[in-house]
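# An overview of the molecular structure
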Amino acid sequence: LNALTRAQAKATFFDVGSQVRANPAPVTRKANAGMEIGVHGWDHIDYSLMTYGYSLYDFNAAASAIEDATGDWPTLSRPPYGFYDNDVINAAGDAGLATVLWTDNTWDYEYTDANSLRWDTLDLASRNSVMLMHDGVPATASAIANIIADLQAEGYTLVTVSTLMGGDVETHVVHFEV
């Protein structure tokens, strides 16, 4: 977060509702810094194995925790692992959440070397890409300031998913399907 704010860059974070409920301060801090916060489920589970009703309940609970932490009901959901089916998309949509995935997966959680992650991420970057990265990953934490600086030096502007999509994001469909 510090690297993003220092660089005046924006990002979208997808947070797990149970973790937000247990410790809302990090999500509040992200929102106060102008970052977008989306739902990553109540727990980090494969919602495509659950019923529509279970998923809807979890998405609403997670969105409520985020709203309590930020003051705003989120508008986006990213299913854990990128696993979804029609019930997941419809449950998210009925909770007022658009389902978004990514265009490029950095696989950052598999890296132990920050420099390799940095250069591989730069190789993936392209106009209008949505890059999947994870906060709390040591290699990402070490590389992110350089990744941001390098992307900005190449002329990229880092924005939230909603900004990239023009602000009004349709629910009940999948955006950036991988």
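Heads up: these notes are all about the structure in this document. (Residues numbered from 1 in each chain as written. Predicted model: local features only at pLDDT ≥ 70, side-chain atom pairs only at ≥ 80, totals over all residues. Heavy atoms only, no water.)

## What to know about the overall build of the chain
What counts, and what does not: Helical segments are the DSSP runs of H or I of at least four residues, strand segments are the runs of E of at least two, and each set is numbered from the N terminus. For the radius of gyration, the atoms used are the C-alpha atoms, and the globule rule reads 2.2 Å times the number of residues raised to 0.38. Here the term buried applies to any residue with accessible area under 20% of the maximum for its type, exposed to any over 50%, and partly exposed to those in between, with areas from a 1.4 Å probe on protein chains only. Each accessible area is a Shrake-Rupley estimate made with a 1.4 Å probe; only the visible protein chains count as cover when residues are assessed. Just so you know, the count uses Lys and Arg for positive and Asp and Glu for negative, and it drops His and the chain ends. By convention, the charge on Lys lies at NZ, on Arg at CZ, on Asp at CG and on Glu at CD.
Counting secondary structure elements, the chain contains eight helices and seven strands. Scaling as 2.2 N^0.38, a compact globule of 178 residues should have a C-alpha radius of gyration of about 16 Å, and the chain matches this with 16 Å. Projected onto its principal axes, the C-alpha coordinates of the chain cover approximately 45 × 30 × 30 Å. The buried share of the chain, reckoned over its 178 residues, is 44%. With an accessible surface of roughly 8900 Å², the chain has 49% of that area assigned to carbon and sulfur atoms. In the chain, which carries 8 positive and 23 negative side-chain charges, the distance between the mean positions of the two groups comes to 12 Å.

## What to know about the pairing of strand S1 (residues 12-15)
This is how it is decided: The pairing criterion for strands is at least two bridges between them, as found by DSSP.
By the alternation rule, side chains of S1 split into Thr12 and Phe14 and Phe13 and Asp15, which are all buried. Direction of pairing for S1 relative to strand S2 (residues 36-39): parallel, over a ladder of four bridges. Pairing of Thr12 across the sheet is with Glu36, part of S2.

## Notes on the packing of aromatic side chains
Where two aromatic rings form a pair, the distance of their centres and the angle of their planes describe that pair. Operational definition: Stacked, edge-to-face and tilted are the three classes for Phe, Tyr and Trp ring pairs, Trp counted by its six-membered ring, which pair at centre distances within 6.5 Å; planes under 30 degrees apart are stacked, over 60 edge-to-face, the rest tilted.
One pass over the structure, following the stated rule, counts three aromatic pairs. Ring centres 6.0 Å apart and planes at 65° place the aromatic pair Trp107 and Tyr109 in the edge-to-face group. The exposure class assigned to Trp107 is partly exposed, which follows from its relative accessible area of 41%. Accessibility expressed as a relative area gives 41% for Tyr109, which makes it partly exposed.

## Let's talk about the environment of Ala145
Residue placement: Ala145 occurs in helix H7 (residues 138-153). Note on Ala145: relative accessible area 39%, which makes it partly exposed.

## Considering the environment of Leu158
Spelled out, the test is: Contact criterion: two residues are considered in contact whenever any of their non-hydrogen atoms come within 4.5 Å of each other.
Locating Leu158 in the fold gives a position in the loop between H7 and helix H8 (161-164). The spacing of Leu158 and Val130 is 28 residues in sequence and 9.8 Å in space, taken between C-alpha atoms. Look past the residues within four positions of Leu158 in its chain and what remains in contact with it is Ala9, Lys10, Ile148, Leu151 and Gln152.

## Examining the nonpolar core
The tendency in soluble globular proteins is for nonpolar side chains to be buried as a group. Basically, it comes down to this: As used here, the term nonpolar core means buried Ala, Val, Leu, Ile, Met, Phe, Trp, Tyr and Cys residues forming a set that is joined through side-chain atoms within 4.5 Å.
Residues Leu4, Val39 and Phe59 are the most contacted members of the largest nonpolar core, which totals 33 residues. For this core, the elements supplying multiple residues, two or more each, are helix H1 (2-6), S2, helix H4 (52-70), helix H5 (86-94), helix H6 (114-124) and H7. Sort the elements by how many residues they give to this core and H4 lands first, with seven residues. Sequence-distant contacts of Phe59, that is, excluding residues within four places in its chain, are made with Val39, Gly41, Tyr47, Ser77, Val88, Ala91, Ala92, Ala95 and Leu97. Counting residues in hydrophobic clusters, the runner-up holds 12 residues, among them Phe14, Leu76, Val100 and Val130.

## Quick word on the layout of surface pockets
Spelled out, the test is: Here a cavity denotes grid points, spaced 1 Å and computed from the protein atoms alone, that fit a 1.4 Å probe unable to get out, and a pocket denotes an open set having protein on both sides within 12 Å along at least 5 of 7 lines; residues with an atom within 4 Å of a point are the lining. Grid points are joined across faces, edges and corners, and a volume is the space filled by probe spheres set on the points. Residues are sorted three ways: Asp, Glu, Lys and Arg are charged, Ala, Val, Leu, Ile, Met, Phe, Trp, Tyr, Cys and Pro are nonpolar, and all the rest, Gly among them, are polar.
Estimated volume of the second largest pocket: approximately 180 Å³. Lining the second largest pocket are Ala31, Met35, Glu36, Ile37, Ile66, Thr70, Asp72, Trp73, Pro74 and Thr75. Counting only elements with at least two residues in the lining of the second largest pocket, the list comes to S2 and H4. Class assignment for the residues of the lining of the second largest pocket results in six nonpolar, two polar and two charged.

## Description of the side chain of His40
Convention followed: In the analysis that follows, any N or O atom pair within 3.5 Å is treated as a polar contact, provided that within protein one partner can donate a hydrogen and the other can accept it, and provided that, for residues neighboring in sequence, both atoms belong to side chains.
Note that His40 resides in the loop between S2 and H4. At 3.1 Å, the side chain of His40 and the side chain of His44 are in polar contact. Setting aside chain neighbours within four positions, we find His40 in contact with Phe14, Asp15, Val16, Arg78, Pro79 and Pro80.

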